[in-house]
Structure formats: C-alpha cells, structure tokens
Amino acid sequence: MAYSEKLLEHYDNPRNVGAFEKGEGNVGTGLVGAPACGDVMKLQIKVGADGRIADAKFKTFGCGSAIASSSLATEWVKGKTLEEAEQIKNTEIAQHLSLPPVKIHCSVLAEDAIKAAIKDFREKQEGREKQSGKDKAAE
Amino acid sequence: MSGFNPQLEIKARQAHMNTQAHMTMTNSNHALENRPKLPVYLDYQATTPCDPRVVQAMLPYFTEKFGNPHSRNHSYGWDAEEAVEKARAEIAALIGADEKEIIFTSGATESNNLAIKGVAHFQKDRKNHIITVATEHKCVLDSCRHLELEGFQVTYLPVMQNGLIDLEQLKAAITDKTAIVSVMAVNNEIGVIQPIAEIGAICRARGVYFHTDAAQAVGKIPLDVNAMKIDLLSISGHKIYGPKGIGALYVRRKPRVRMEALIHGGGQERGFRSGTLPTPLCVGLGEACAIARKEMGAEAERLKVLRDRLYNGLKARLPDIYLNGDPDRRIPGNLNVSFAYVEGEGLMMGIKELAVSSGSACTSASLEPSYVLRALGVEEELAHTSLRLGLGRFSTEQDVDYAIEHIVQAVTRLREMSPLWEMAQEGIDIKSIEWAEH
C-alpha cells in the first residue's frame, strides 16, 4: 500500500501512545471496533478543570491507517473543549492523512473513538455529580 | 557450459542478495539513504527468482536459436524443437511421467483451468459432479464456480484444523456422477501437504479422475504420478526458480484421460493446447526441473534447518505466537505464523526490510481475511495477525537472523501500542467483551 508521508510519520512516531492510570480522575475512555474486524481503537481523554481536553492517549490494534488515524485523533483533541472535539470529522482525518479509499473506514473508527471517549467522560461526570448529590443529601 | 560452476553461481547469488540486505542494515543512517534498498526476500511462495543456471540455459533461444519449434522444414525449427522436447523430458522425469504426457501451458492457472474445465466439459453428459477443497487456489475455486453456473454440481470439502482433508469425507462425497476430484498437493498459504497417494488410491478405486495442483509441491517434495495414482497434475515455472509465464499440465495416457481443449488453433500439444511454444520459457522450465530433481533432497534438508531456526528464534522471544497448519506435514520452506494482538498489515509496515505477505484483511483489496486461514478455523482476529514467511534456495542464515530481529522488534513495539495486548496482560478475557461492531 502506498501511504502518504504524514501517515508514515504517524506510524513510525505515533503520538500519545499509552494509557492513563486506572484510578485517574477526569478520564473518559472510548473503546471501538472489534478484533474480528481487525480494528480496535482505545482512545482516552483527560479533561481539565477548564473543560478542555488536557491530555489524550491511545492504543490501537489495526493497520497502518488505523494507527495513524487514532494517533492523529489524540493530537487534534488536545486543547479542545468536549463540544469542539465532537466536531472532528472523519473526512478531515482522511484528508489530512491522504487515506486511500479502501481505508476510509479507519478514519470513521477514529471519529467514533473520540465520541465514545467523550460519552464515557460525560457519563462518569454525571455519575460523580449524582454521587456527590447523594452524599450531600445524606449529610 | 565449460567454466560455469553452479555452486559458485548460487553462492554469488546469495551473496548478492545478502549485500543488498546488508546495505539496508548498515546504511540506515548513512548518506547513501537515497539509493533503493532491497528488502530481504522471504516470500518464496509468492514467486521465486530464476536460478542463474536456468537463465543461462534460456539465453541462446532468444536471439540465436530463435526458431519456431513447429517449423518442420529447417534447422531453426529443428533446433528449437529439440530443446523443447529435451525440456519436456526433464519435466516428465521430475514427476515420474512419460514425456508424451506433458503439455506446456502459460502457467499453473491455465493448467488448472484446462484440467478442471477440460475434463468436466468432456464428461458433462454422463458425469456432472466435481469435488474440490475449500483451501484451493483461487484459479481452482473460480473455475469450479464458473462450472456451477453452467450447471455442474461442486462439493467443496472442508479441512481439519491442521489444514488437511478428512479422507472419509472424500470417500463419502464421491458419487457415480463425479467426474473429477481436484486437491492441491501443497497449499500456497500454509504449506501443508495433502495425503496425495491416499487420495489417488481412493479416486482410482472409484473410477474418478484425480487432479492435483502441484504448483507449490513440484521440486520440493517427491512426486510420482504412478505410485500416487495421479491423473492430472499442474506445474508452475515461477514457483521452482524457473521463468514466469510458463507451466505444464501432466495428462495421463494409460488409462487415457479424456479432456476438451480450452484454446483451439493449430493443434499443438496433442490438440490440448494450441499456440506456438515459447522455446526459451520451455527450456527454462525444463532446466528448473532438472536442477530440482538433482538438488531437491539436499535443499529440503537445508531449508528445514533454516525454517526451524526462524520459528524457534521467534518463539524464544515472543509469547503468544501460533503456527497455522500441520506442524509436520508441511514443506520445509513455509511458515505461516499468527502474532496475537498485532494486526498483520500494521506489522508488515514495521518490517519494511523484509518482503513477506500476510493473511490480514487489510492487505487484500476485498478487506476479507485469508479464506484459507478461515477454513482452518483460525479465529478472525488471529487471521488478521498472520504473516506468511517463505524461505527458498537463496535464503541464508543471515536472512533468518535478520528477520527474527526485525519481526521481534516490530511485534514488541506494536504490542505496546495494542489495546488487546494490554487487556491480555491484565488478564481480561478478550472473548468475553461485547464489541461495538461498526
């Protein structure tokens, strides 16, 4: 497969590979894809007090396009608010990396991963708020 | 040819390929980065380079003895014909056949088409059933699909987890309408060797023609069409260090196999395959077969040692890797290995210094993972993680050690990036997770 320079760069030097500590607060985790399809992306966001994504990490089981798409996604979400990050489109990822047509679905999965991480963060946030609400009520 | 020392030629060829690889190794930070680097070739099942001796044998027939071998009236034709017939004899000798039973074709794809369609069409009024195997090469499977459209019935036998067919299933599948059974001798992806002699015996007892696609078997394992009761056998030139664009089909004469031609014209090759024979290519195939007949035993031993070195070297440093296909009933030059938790195309990108292929969906245009691995019952996620490593005549210990280093490095790096590896390390059962399919 003839890949673009940008894609190869992300593959050779992926950004933000890794995972946040298990108990770390303010982290949202998105896990999308399926091993049977050959594509699994785990994308994590750490949200600061200002509501902006302070840090992001990823791990991917997938081809070069999948790895590059998710690496790029972690780069792009940093510094954005949740609403801004939700606006990231797979077409932008695909265009930036010059993904061949047969690999466009990798960028779709990356967009899904971002949204899944945001959703997870919001759900946890709601859970925390409910919990602290209960705690207050119990006092 | 005086002064031509085959052993020196082979060593020179190995050294040349090593130098290319060496330049890759030592020049990675060098100013010479701009010159093209050749990867170490480990894809011998995809194709093989011509043996230098084969090329030497072919050369005179391009510009000096260029005559049409069917020209009966002058020495240009006679010389070409003599060379073709000598080649034919070598091909026959390699498989224990008679030279009159060898038909030249453009390659194994054509031979497979000719054998299956040719026999089916000849028999269609009395017998319209064909039996083949789910792991056959696409040219066999597609020829059968095509015959199904014409009204033939086809049985695609499954394989066991080791890649071999169950002989009882074959016996049960044969009916009195069965025209032909086609089972490849050696599988191109996983290298396993089917029980050819047993299949031949079963077919002979039931009066059914037995065809075998032997493209990956000829010159690698001993074949004897009489001992193994084979009626039709396909040969590929470029799989045995011969040129591309030439192959052959063995067609039994006693008892005579009746078959329709696919290509009509001047009636060459006993009417089975019209067209002027490409003399240099025929000579090349003949020479490749002659070399194989002499060197097959020693080469197999050498390759087995290299193959074991490669597999053991990988196993010693990487946990969770699996060999696909029977560990014993396989040709020495093939290893098909799944590296759990790491996807195949991603892995291949990380080992650009090696020329290999993968069973991953991502490397095929159709996004389907290897149908051969699926037929073995390899789970989809493992099929996506496979690499096919093929060793051959010019592979060296240096190649193997180089490959081990690079594969271990790439797999280790990708596992560190893999959420599946992370889960496995944490003791999570990946199969228990409900994945959000996309």
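Report follows, based on the coordinates.

Analysis parameters
Residues numbered from 1 in each chain as written. Chains lettered and ligands numbered in written order. Predicted model: local features only at pLDDT ≥ 70, side-chain atom pairs only at ≥ 80, totals over all residues. Helix = DSSP H or I, 4+ residues; strand = E, 2+ residues; numbered from the N terminus. Buried ≥ 20, exposed ≤ 12 C-beta atoms within 10 Å, placed from the backbone. Contact = placed C-beta atoms within 7 Å. Expected span 1.5 Å × (residues − 1). Bend = angle between axes of the 7 residues up to and from the residue. Axes fitted to C-alpha atoms, helices over the stretch in contact; angles between N-to-C directions. Parallel < 35°, antiparallel > 145°, perpendicular 65-115°, else oblique. Left-handed = near helix turned anticlockwise from the far one by under 90°. Nonpolar A, V, L, I, M, F, W, Y, C, P; charged D, E, K, R; others polar. Core = buried A, V, L, I, M, F, W, Y, C linked by C-beta atoms within 7 Å. Domains from an automatic or database assignment. Pairing = 2+ DSSP bridges.

1. Side note on the overall build of chain B
When its secondary structure is counted, chain B shows 14 helices and 13 strands. Per-residue burial for chain B yields a buried fraction of 49% across its 438 residues. Partitioning the intrachain contacts of chain B with sequence separation of at least 6 by distance along the chain shows that 72% fall at a separation of at least 24.

2. So, the overall build of chain A
What chain A contains, in helices and strands, is 5 helices and 3 strands. Each of the three principal axes of chain A carries a C-alpha extent, and together these read 65 × 30 × 25 Å. The buried share of chain A, reckoned over its 139 residues, is 44%. Here the analysis covers contacts within chain A between residues at least 6 apart in sequence; of these, 63% occur between residues at least 24 apart.

3. Description of the environment of Ile196(B)
Residue and element names in this part refer to chain B. Relative to the helices and strands, isoleucine 196 is located in helix H8 (residues 196-206). Measuring from C-alpha to C-alpha, the distance between isoleucine 196 and isoleucine 180 comes to 14 Å, with 16 residues separating the pair along the chain. The contact partners of isoleucine 196, leaving out residues within four places of it in the chain, are Ala185, Thr212 and Met228.

4. Thoughts on helix H9 (residues 279-317) of chain B
Along its 39 residues, H9(B) runs just 49 Å from first to last C-alpha, ending more than 12% under the 57 Å computed at 1.5 Å per residue. Its maximal kink placed at Glu295(B), H9(B) deviates by approximately 65°.

5. Let's talk about the packing of H9(B) against helix H13 (residues 397-416) of chain B
Residues and elements named next belong to chain B. The interhelical angle for the contact between H9 and H13, taken along N-to-C directions, is 25°, at an axis separation of 10 Å. Our classification of the angle between H9 and H13 gives roughly parallel. Considering the relative orientation of H9 and H13, their crossing is right-handed. Contact residues: Leu306, Arg309, Leu310, Gly313, Leu314 and Arg317 in H9; Glu397, Val400, Ala403, Ile404, Ile407 and Val408 in H13.

6. What to know about the interface of chain A and chain B
Taken together, the 24 residues of chain A in the interface contact 24 residues of chain B. By residue number, the principal contributor to the side of chain A that touches chain B is strand E1 (residues 27-34) of chain A, which donates 4 residues. Taken together, the residues of the side of chain A that touches chain B sort by class into 16 nonpolar, 5 polar and 3 charged.

7. Regarding the nonpolar core
By size, the foremost hydrophobic cluster in this structure holds 158 residues, and its most contacted members are Ala73(A), Ala113(A) and Tyr250(B). Counting residues per element, this core draws most heavily on H9(B), which supplies 12 residues. Formed jointly, this core draws a minimum of three residues from each of two domains, domain 1 (6-49 + 296-426) and domain 2 (55-291) of chain B. Apart from residues no more than four positions distant in its own chain, Ala73(A) is found in contact with Leu43(A), Phe58(A), Ile93(A), Ala110(A), Ala113(A) and Ile114(A).

8. Examining the sheet that holds E1(A)
Residue and element names in this part refer to chain A. On the basis of which strands lie adjacent, the open sheet formed by 3 strands has the order E1-E2-E3 and antiparallel pairing. The open sheet has two free edges, formed respectively by E1 and strand E3 (53-61), since each of these has just one partner strand. The average angle at which neighbouring strand axes cross in this sheet is 10°, direction not considered. Of the strands in this sheet, strand E2 (39-47) and E3 are in contact with helix H2 (residues 64-77), which crosses E3 at around 175°. Contacting E1 and E2, helix H5 (residues 104-138) crosses the sheet at an angle of about 140° to E1.

9. Considerations on unusual backbone geometry
For the bond running from Lys254(B) to Pro255(B), omega is -10°, close enough to zero to count as cis. Inspection of the secondary structure assignment puts Pro255(B) in the loop between strand E8 (247-251) and H9. With a phi close to 50°, Ser98(A) is a non-glycine residue in the positive phi region. Phi is positive for Asp320(B), close to 55°, though the residue is something other than glycine. Mapped onto the fold, Asp320(B) is located in the loop between H9 and strand E9 (321-323).

10. Section: the pairing of strand E5 (residues 178-182) of chain B
Regular strands show a simple pattern: their side chains alternate between the two faces of the sheet. Residue and element names in this part refer to chain B. Most of E5 sits inside the fold, with 5 of its 5 residues counted as buried. Both strand E3 (residues 129-133) and E5 contribute to a ladder of 3 bridges, which runs parallel. Paired with histidine 129 across the bridge in E5 is threonine 178. Pairing between E5 and strand E6 (residues 209-213): 3 bridges, direction parallel. Its bridge partner lying in E6, valine 181 is registered against phenylalanine 210.

11. Regarding the sheet that holds E9(B)
Residues and elements named next belong to chain B. A sheet is described by the order of its strands in space; here 4 strands give the open sequence E9-E10-E13-E12, paired in antiparallel fashion. Two strands lie at the open edges of the sheet, namely E9 and strand E12 (357-358), each paired on one side alone. By the bridge criterion, 5 bridges tie strand E10 (residues 334-339) to strand E13 (residues 386-390) in an arrangement that is antiparallel. Paired with asparagine 336 across the bridge in E13 is arginine 388. The sheet strands contacting H9 are E9, E10 and E13, and the helix crosses E10 at an angle near 10°.

From the geometry alone we can't say anything about function, so treat these as descriptive.
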